[in-house]
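The primary structure of each chain is shown beneath.
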Amino acid sequence: MADRSFSISRLPGFATIAVIVFVLLYLPIAMLVIFSFNAGDSVAIWEGFSLRWYPEAWQNEAVKAATLRSLQVATAASLIATGVATMAALGTTRRRATRGQSFVYVMINQPLMVPEIVTGVALLIFFSSIKVITGYQGLGYLILAHAAFCTPFAYLPIRARLEGMDLALETAAADLYASPWQTFRHVTLPLVMPGAVAGLMLAFVTSLDDVVITEFVKSAGQDTLPTYMLAQIRRSVSADINAISTLLLLLTVVLLTAFFLLTRKRT
Amino acid sequence: MSTPMDPKARAEVRRGWLLSAPALVLLAVGASGPLLIMLVYSFLEAGQYGNVEWVISFKAWFNVVMTRDIFDGTLGFADAHLTIFWRSAKLAFLTTVFCFVVGFPTAWFIATRTPSMRTALLFLITIPFWTNLLIRTFAINQIIRNEGFLNTGLLYLGIIKEPIVMLYTDFAVFIGMTYVYLPLMVLPLFAAIDRFDMRLLQAGYDLYASRWQLLRHVIVPVVKPGIISGSILVFIPALGAYVTPRILGGGRNMMIGNFIELQFGQGRNWPLGAALSVVLLVIVSVALIVYTRFATGGQDKSHG
């Protein structure tokens, strides 16, 4: 029986294409990682194993500053995004659907629908006026912009978590004379927590990876790691970019694996 | 809707708004609001050193497609702009089609594996999806550049005598976009195929349908919402792509995204940049409206 259902769903050539797709999907990334350990500075000719590009990249002051800035912005933005997303998710789930709810939903998901370049341009225009009026040039603009486009990524897993929640638990707590705050603190919050952590990680990764919006919003000397890399790639290719990419890749994979395990437990 | 709400329900609604308020404010300041300001800017005069003069003008909108000859003042189509629009539309379309052609078999393959295998393969598709787009584009750059892996390999094997120039061509942008946006096609296709009832195939076989006929008349119509989702998800970012054409297309093979950026850099024509952004936004909105019509049309929302 199992054998039979396998054969009916098999379509000629599909498996071959799929395997090729998987190989081609990973080959370029694999090459990039492999050549970050190349002793020479070619990206195509292997000259022996070496770790030289990693310290070399790290000794570059510009890389160091960009890395720290990226982490700063991603941390602040993902915390803000997760905070407002958690509140919004609590406000838009666990009750009868209203028209207001879909408005909130559209507003929060808006960054997913607008091309990044358009958001980037709009923010450039908006912030340039604010910069003139207030004279403030700091990282606040980047954090605000990142927090805004990270919010939908934080919101979705939290909402999914809340929608799967048993409403009776809150009612039960109230029946047992728990105050609304106690109910929230001891019942709702622990249940939301895995969703919030998952959302925080997605928001962090999203912020860390952003190039386009950052490119438009940043003031002079505010390069993040991706915008620094973008500028470097256009100039020349040197293997230290491979080393930075590999580390960034590693961080993404670690966070994603954690996210995956965190959200899978439930289902 | 018309029945008056009891106080408890009303309090609940108010609480909902209060809890959503911080997110709404953040998104209004950091995303939606600036779009409206951008629209205003598209109707202003360009400042000499960038930014704008606060004079109402339709020049930017006029310049989107038309141009006035600097010598004799005659009107004509802005060929350079039209070329860029055409290239963007063509590349985004080709990318979408090719992503579907290779994405569909991949999604089908994943959906027909055992559950544990399926989870693993989905994870493998998801990783590139979340991996920095810049890094993935850069990886492609390294493969196809003249002194890159592909050319070096082919030269070494004696298949070619000189490196094939692939970088900084439309072809490179097409390959790069297909590579970076493919997961966006595979994931919704998988979701649709996963819900597909394989017994329909059995029924089709019993009625002497060939595999091709099954694909054409049973599978594709049923998973259509997934096909539309995937196509929209690929087409929208591909049309507004900025990083991929910049790294793989070089200065001459601009797409709309790069052309918009140019207006805020060397071009010093913010209103034109704003107008072009509005055009892009409108195209994307139309695509999204078409999407909601088609993707949810089957669930009988047509009268609503």
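Position labels on residues start from 1 in each chain and follow its written sequence. Chains and ligands are labelled by the order in which they are written, letters from A for the one and numbers from 1 for the other. It should be noted that, the model being predicted, local features are given only for residues of pLDDT at least 70 and side-chain atom pairs only at 80 or more, the latter also being counted only at that level, while totals for whole chains, interfaces and linings use all residues.

A. Just the overall build of chain B, in detail. For the purposes of this entry, the term helix denotes a DSSP run of H or I that reaches at least four residues, the term strand denotes a run of E that reaches at least two, and both are numbered from the N terminus. The helix and strand inventory of chain B stands at 13 helices and four strands. What you see for chain B is a C-alpha radius of gyration of 24 Å, clearly larger than the 19 Å of a compact globule of 304 residues, by over 25%. Our exposure labels follow a C-beta count within 10 Å of each residue's own C-beta, placed from the backbone: buried means 20 or more other C-beta atoms, exposed means 12 or fewer, and partly exposed covers the counts in between. Residues counted as buried form 42% of the 304 residues belonging to chain B. The long-range share in chain B, meaning contacts at least 24 apart out of those at least 6 apart in sequence, stands at 67%. For this measure, only C-alpha atoms enter the radius of gyration; the expected value for a globule follows 2.2 Å times N^0.38, where N is the number of residues. Residue pairs are scored as contacts if the distance between their C-beta atoms, which are placed from the backbone, is within 7 Å.

B. Broad picture of the domain arrangement of chain A. Residue and element names in this part refer to chain A. Boundaries between domains were set according to an automatic or database domain assignment. By the assigned domains, chain A splits into domain 1 (12-50) and domain 2 (61-264). Centre-to-centre separation of domain 1 and domain 2, based on C-alpha positions: 31 Å. Between domain 1 and domain 2, the contact holds eight residues from the first and eight residues from the second.

C. Just unusual backbone geometry, in detail. Residue and element names in this part refer to chain B. Backbone geometry at Tyr208 places phi at a positive 65°, although glycine is not the residue there. Mapped onto the fold, Tyr208 is located in the loop between helix 8 (199-206) and helix 9 (211-222). Judged by local crowding, Tyr208 falls into the exposed class, with 7 C-beta atoms found within 10 Å.

D. Quick peek at the UniProt feature "transmembrane region" (unreviewed entry) in chain B. Residue and element names in this part refer to chain B. UniProt positions are given in the numbering used here, feature names are shortened, and annotations may be inferred rather than shown by experiment. Look at the UniProt record and you will see "transmembrane region" (unreviewed entry) annotated at residues 21-44, 91-110, 122-144, 164-193, 214-236 and 270-291. Summarising residues 122-144: 91% helix, 0% strand, and an end-to-end C-alpha distance of 27 Å. Helix and strand shares over residues 214-236 are 96% and 0% respectively, and the end C-alpha atoms of the span are 30 Å apart.

E. Quick peek at the interface of chain B and chain A. Contacts between the two partners involve 74 residues from chain B and, on the opposite side, 72 residues from chain A. Considering every element that reaches the side of chain B that touches chain A, the biggest residue donor is helix 1 (residues 7-41) of chain B, with 21 residues. Residues were grouped as follows: Ala, Val, Leu, Ile, Met, Phe, Trp, Tyr, Cys and Pro as nonpolar; Asp, Glu, Lys and Arg as charged; and all remaining residues, including Gly, as polar. The residue makeup of the side of chain B that touches chain A, split by class, is 50 nonpolar, 19 polar and five charged.

F. A look at the pairing of strand 2 (residues 52-56) of chain B. Residues and elements named next belong to chain B. In this description, strands pair whenever DSSP reports at least two bridges between them. Across three bridges, the pairing between strand 1 (residues 44-46) and strand 2 is antiparallel. Looking across to strand 2, one finds that Ala46 is bridged to Val52. The turn joining strand 1 and strand 2, which pair antiparallel and follow one another in sequence, is formed by five residues; a positive phi near 90° is taken by Gly50.

G. Seen up close, the nonpolar core. Definition of nonpolar core: a set of buried Ala, Val, Leu, Ile, Met, Phe, Trp, Tyr and Cys residues joined via C-beta atoms within 7 Å. If you look at the biggest cluster of nonpolar residues, it comprises 157 residues, and the most contacted ones within it are A:Val121, A:Ala154 and B:Leu189. The greatest single-element share of this core, amounting to 16 residues, is contributed by helix 7 (residues 170-194) of chain B. Looking at which domains feed residues into this core, each of domain 1 (12-50) and domain 2 (61-264) of chain A supplies at least three. When neighbours within four sequence positions are excluded, B:Leu189 is seen to be in contact with B:Gly103, B:Phe104, B:Ala107, B:Val223, B:Gly226, B:Ile227 and B:Gly230.

H. Structural view of the UniProt feature "transmembrane region" (unreviewed entry) in chain A. Per the UniProt annotation, the sites labelled "transmembrane region" (unreviewed entry) are residues 12-37, 71-91, 103-127, 139-158, 187-208 and 243-262 of chain A. A helix fraction of 95% and a strand fraction of 0% characterise residues 139-158 of chain A, whose end C-alpha atoms lie 27 Å from each other.

I. The arrangement of the UniProt feature "domain: ABC transmembrane type-1" (unreviewed entry) in chain B in detail. Under the feature "domain: ABC transmembrane type-1" (unreviewed entry), the UniProt entry names residues 85-291 of chain B. The span residues 85-291 of chain B shows a helical share of 78% and a strand share of 0%, and its end C-alpha atoms are spaced 22 Å apart.

J. Highlighting the confidence of the model for chain B. Residues and elements named next belong to chain B. As a per-residue measure, pLDDT tells how confident the predictor is, with possible values from 0 to 100. The predicted model of chain B averages 86 in pLDDT, with 93% of residues at 70 or higher. Counting interchain partners and residues more than four positions distant, the pLDDT-below-50 stretch residues 298-304 has three contacts. Under the prediction, the complex receives an ipTM of 0.86, its pTM being 0.87.

K. Representation of the environment of A:Ile34 in the model. Locating A:Ile34 in the fold gives a position in helix 2 (residues 14-35). The partly exposed category is assigned to A:Ile34, around which 15 C-beta atoms lie within 10 Å.

L. Broad picture of the packing of helix 11 (residues 225-235) of chain A against helix 12 (residues 239-264) of chain A. All names here are of chain A. Every axis corresponds to a line fitted to the C-alpha atoms, with the helix fit spanning only the stretch in contact, and the corresponding angles, defined between N-to-C directions, vary from 0 to 180 degrees. Helix 12 packs onto helix 11 with a crossing angle of 150° between their chain directions and a minimal axis gap of 11 Å. Relative to helix 12, the element helix 11 is oriented roughly antiparallel. Between helix 11 and helix 12 lies a crossing whose hand is left-handed. Contacts from Leu225, Met229, Gln232 and Ile233 in helix 11 reach Ile241, Ile244 and Leu248 in helix 12. Oblique is the label for any angle not under 35 degrees, not over 145, and not in the 65 to 115 range, which are roughly parallel, roughly antiparallel and roughly perpendicular in turn. Put simply, a crossing is left-handed when the front helix is turned counterclockwise from the back one by less than a right angle, and right-handed when it is turned clockwise.

M. Highlighting the packing of helix 6 (residues 116-134) of chain A against helix 12 (residues 256-264) of chain B. Contact pair helix 6 of chain A / helix 12 of chain B: the axes reach a minimum separation of 10 Å and the direction vectors enclose 10°. Judged on the interaxial angle alone, helix 12 of chain B and helix 6 of chain A are roughly parallel. Where helix 6 of chain A abuts helix 12 of chain B, its residues A:Ile117, A:Val121 and A:Leu124 lie against B:Gly257, B:Ile260 and B:Phe264.

N. Expanded view of the environment of B:Gly249. All names here are of chain B. Here Gly249 shows up in helix 11 (residues 243-249). Note: C-alpha distance between Gly249 and Ala111 (138 residues apart in sequence) is 35 Å. Setting aside its immediate chain neighbours within four residues, Gly249 contacts Tyr168, Ala172, Val173, Met254 and Met255.

O. Local environment of the confidence of the model for chain A. Mean pLDDT over chain A works out to 87, with 94% of the residues at or above the 70 mark. Every residue in residues 1-6 of chain A is under pLDDT 50, and counting partners more than four places away or in other chains gives one contact.

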